[in-house]
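A look at the structure
Here is what each chain is made of, one letter per residue.
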Amino acid sequence: MARRYFEKSNHTEAYALYRPTYPQSVYDAILKYCHQSSGLGETELELAVDVGCGSGQSTLPLGKYFKKVIGLDVSPEQIKYSPKNVRNVSFQIGQSENLSFLKNDTVDLITVAQALHWMDLEKFYPEVERTLKPGGVFVAYGYGKNILDIQEADALQNQLYDVTLNEYWDPNAHHTDDHYVRLSLPFPGWKRDDSHVIYKDMTVDEYVGYLSTWSGWQTFLKDNPDTDILNQLKINLKTIYEEGLSKPMIMPSHRVMRVKWPVFILMATKPL
């Protein structure tokens with residue numbers, strides 16, 4: 001069974017608020033692969049399914065290109081925060097290992113963003129093969145460990161990630177650290193694209209909000225509910241960024257951090 005880490009209400013709200021969104025170049029690459037590698041014409045893109053969609057950050061952009069898009073997630077709380085009243089995009093609760101709501105050979109594109117490592121691939125991949133049209137595309141993508149724009153600040157977040165939370169990470173979480181190099185796709189001849197990057201300007205408060213969504217941190221909290229580690233990290237980060245201010249009239253709490261995430265994309269075509 002797929003692992004479930006993102007279902008508590010407060011965690012889900014933070015996930016929707018602070019998780020990074022992918023640049024347009026990622027969706028351009030996916031669509032280019034659909035058109036060129038699968039042979040699907042631009043007017044033939046009818047149905048896309050985003051599995052493990054969370055609150056819909058990776059689902060909504062697909063609505064520009066497909067007549068119908070379905071976002072699927074196991075968590076009712078995640079679906080609760082998904083976009084509403086979008087003409088051709090809908091969301092529903094369900095397990096990745098059971099796509100029985102889809103008929104055989106009916107889907108043009110199945111995507112999984114930052115979630116493949118939580119799934120039971122022995123059960124999920126047969127569903128991908130069953131539901132995709134011949135020539136349909138499967139794409140798994142995500143982002144690796146973030147990098148901060150000031151070395152001292154980056155060292156602090158590395159301390160949290162690699163030392164404090166070391167024993168609290170699910171082993172599967174490390175698949176994103178190495179950009180899925182130990183995972184493979186269900187069809188032969190699949191391709192990899194590591195040329196994309198997410199950049200996001202965040203305040204220290206927003207960045208610490210993002211850290212609170214880490215699955216390792218959520219597990220750590222269960223054993224250490226009274227911990228002050230994240231608050232202390234916030235204080236230290238604010239000190240670093242406040243000291244870097246060159247204009248006193250800028251409020252320290254509004255000083256932004258430049259956060260970078262490397263993106264990886266794995267793409268495969270179901271044989272005709």
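Bear in mind that the values here come from a model prediction, so they are computed numbers and not experimental data.

Viewed as axis vectors pointing N to C, helix 5 (residues 151-164) and helix 9 (residues 229-243) meet at an angle of 165 degrees, and their least axial separation amounts to 9 Å. The pairing of helix 5 with helix 9 is recorded here as roughly antiparallel in orientation. As for the relative orientation of helix 5 and helix 9, their crossing is right-handed in sense. Contacts from Glu152, Ala153, Leu156, Leu160 and Thr164 in helix 5 reach Ile229, Leu230, Leu233, Asn236, Leu237, Ile240 and Tyr241 in helix 9. For the contact of helix 5 with helix 9, a count of residues per class yields nine nonpolar, two polar and one charged.

Right, let's get into the pairing of strand 2 (residues 68-73). Summarising burial for strand 2: five of the six residues are buried, a large majority. Relative to strand 2, strand 1 (residues 47-51) runs parallel, the two sharing five bridges. In the strand pairing of strand 2, leucine 47 is matched with lysine 68. With five bridges joining them, strand 2 and strand 3 (residues 89-93) adopt parallel strand pairing. Paired with valine 69 across the strands is valine 89, a residue of strand 3.

How two helices pack is summed up by the angle between their axes together with the distance between the axes. Where helix 7 (residues 204-211) meets helix 9, the closest approach of the two axes is 10 Å, and the angle between their N-to-C directions is 145 degrees. Along this stretch, helix 7 crosses helix 9, giving a crossing that reads as right-handed. Counting all contacts with helix 7, which are made through Val204, Asp205, Tyr207, Val208 and Leu211, the residues of helix 9 involved are Leu230, Leu233, Lys234, Leu237, Lys238 and Tyr241. Residue composition of the contact of helix 7 with helix 9, by class: eight nonpolar, no polar and three charged.

Parameters and conventions
- Residues numbered from 1 in each chain as written.
- Predicted model: local features only at pLDDT ≥ 70, side-chain atom pairs only at ≥ 80, totals over all residues.
- Heavy atoms only, no water.
- Axes fitted to C-alpha atoms, helices over the stretch in contact; angles between N-to-C directions.
- Helix = DSSP H or I, 4+ residues; strand = E, 2+ residues; numbered from the N terminus.
- Parallel < 35°, antiparallel > 145°, perpendicular 65-115°, else oblique.
- Left-handed = near helix turned anticlockwise from the far one by under 90°.
- Contact = heavy atoms within 4.5 Å.
- Nonpolar A, V, L, I, M, F, W, Y, C, P; charged D, E, K, R; others polar.
- Buried < 20%, exposed > 50% of the residue type's maximum accessible area, 1.4 Å probe, protein only.
- Pairing = 2+ DSSP bridges.

Function cannot be inferred from these measures alone, as they are strictly geometric.
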